[in-house]
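Understanding the architecture of this molecule
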Amino acid sequence: MATLDLRNTVKSYVASADERLLKMMKALAESYQSEEEPTLSEEDYAILDRRRESYLKGEGKSYNMEEIKQNARRAAR
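First things first, this report covers the structure right here in the doc. As the structure is a computational prediction, the values presented were derived from the model and not from experiment.

**Brief notes about the overall build of the protein**
Across its full length, the protein holds four helices and zero strands. For the protein, the N- to C-terminal ordering of α and β elements is α-α-α-α. Taken along its principal axes, the extent of the C-alpha atoms in the protein is 60 × 35 × 25 Å. By the burial criterion, 1% of the 77 residues in the protein qualify as buried. Accessible area of the protein: about 7,600 Å², with a carbon and sulfur share of 53%. Placing the 14 positive and 15 negative side-chain charges of the protein at their respective mean positions leaves the two points 8 Å apart.

**Brief notes about helix H4 (residues 65-76)**
Along its twelve residues, H4 runs 17 Å from first to last C-alpha, staying within 8% of the 16 Å computed at 1.5 Å per residue. For H4, the N-terminal capping position is held by Asn 64, with its side-chain oxygen 3.0 Å away from the main-chain nitrogen of Glu 66.

**Here we look at the pattern of salt bridges**
Inspection of every chain in the model, using the stated rule, returns three salt bridges. Residue Lys 23 is joined to Glu 19 by a salt bridge in which the shortest nitrogen-to-oxygen separation is 3.2 Å. Of this pair, Lys 23 and Glu 19 both sit in helix H2 (residues 19-33), four residues apart, which is roughly one turn of that helix. Taken as a pair, Lys 23 and Glu 19 share a single burial class, namely exposed. Between Glu 30 and Lys 26 there is a salt bridge, with its nearest N and O atoms 2.8 Å apart. Taken as a pair, Glu 30 and Lys 26 lie in helix H2 at a separation of four residues, close to a single helical turn. Among the residues examined, Glu 30 registers a relative accessible area of 45% and is labelled partly exposed.

**Here we look at a nonpolar patch on the surface**
On the surface, a nonpolar cluster with roughly 210 Å² of combined accessible area is contributed by Val 10, Val 14 and Leu 22. Note that Leu 22 resides in helix H2. Residue classification places Leu 22 among the partly exposed residues on the basis of a relative accessible area of 38%.

What counts, and at which threshold
Residues numbered from 1 in each chain as written. Predicted model: local features only at pLDDT ≥ 70, side-chain atom pairs only at ≥ 80, totals over all residues. Heavy atoms only, no water. Helix = DSSP H or I, 4+ residues; strand = E, 2+ residues; numbered from the N terminus. Buried < 20%, exposed > 50% of the residue type's maximum accessible area, 1.4 Å probe, protein only. Areas by Shrake-Rupley, 256 points an atom, 1.4 Å probe, with all protein chains shown as cover. Lys, Arg positive; Asp, Glu negative; His and termini not counted. Charge placed at Lys NZ, Arg CZ, Asp CG, Glu CD. Expected span 1.5 Å × (residues − 1). Polar contact = N/O pair within 3.5 Å; in protein donor to acceptor, adjacent residues only side chain to side chain. Salt bridge = Lys/Arg side-chain N within 4 Å of Asp/Glu carboxyl O. Patch = residues over 30% accessible without salt bridge, like charges linked within 9 Å, V, L, I, M, F, W, Y side chains within 5 Å.

Rendered as structure tokens:
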């Protein structure tokens, strides 16, 4: 769908929206406009560091793209 089509679709939603939908759309727009980038906590970095070290030592398991797809299909069932 082209940008113009999307814009027109959103405008039609806004034209008939109730207060609840308008509040959700406002929150989404404000979130989108926010300059804050998602950040990780120190704990998140520590977990990533442990996993990376494990992987570099050969203790971690890695997957190729086909294995990832198979795992995703199994999880979706």
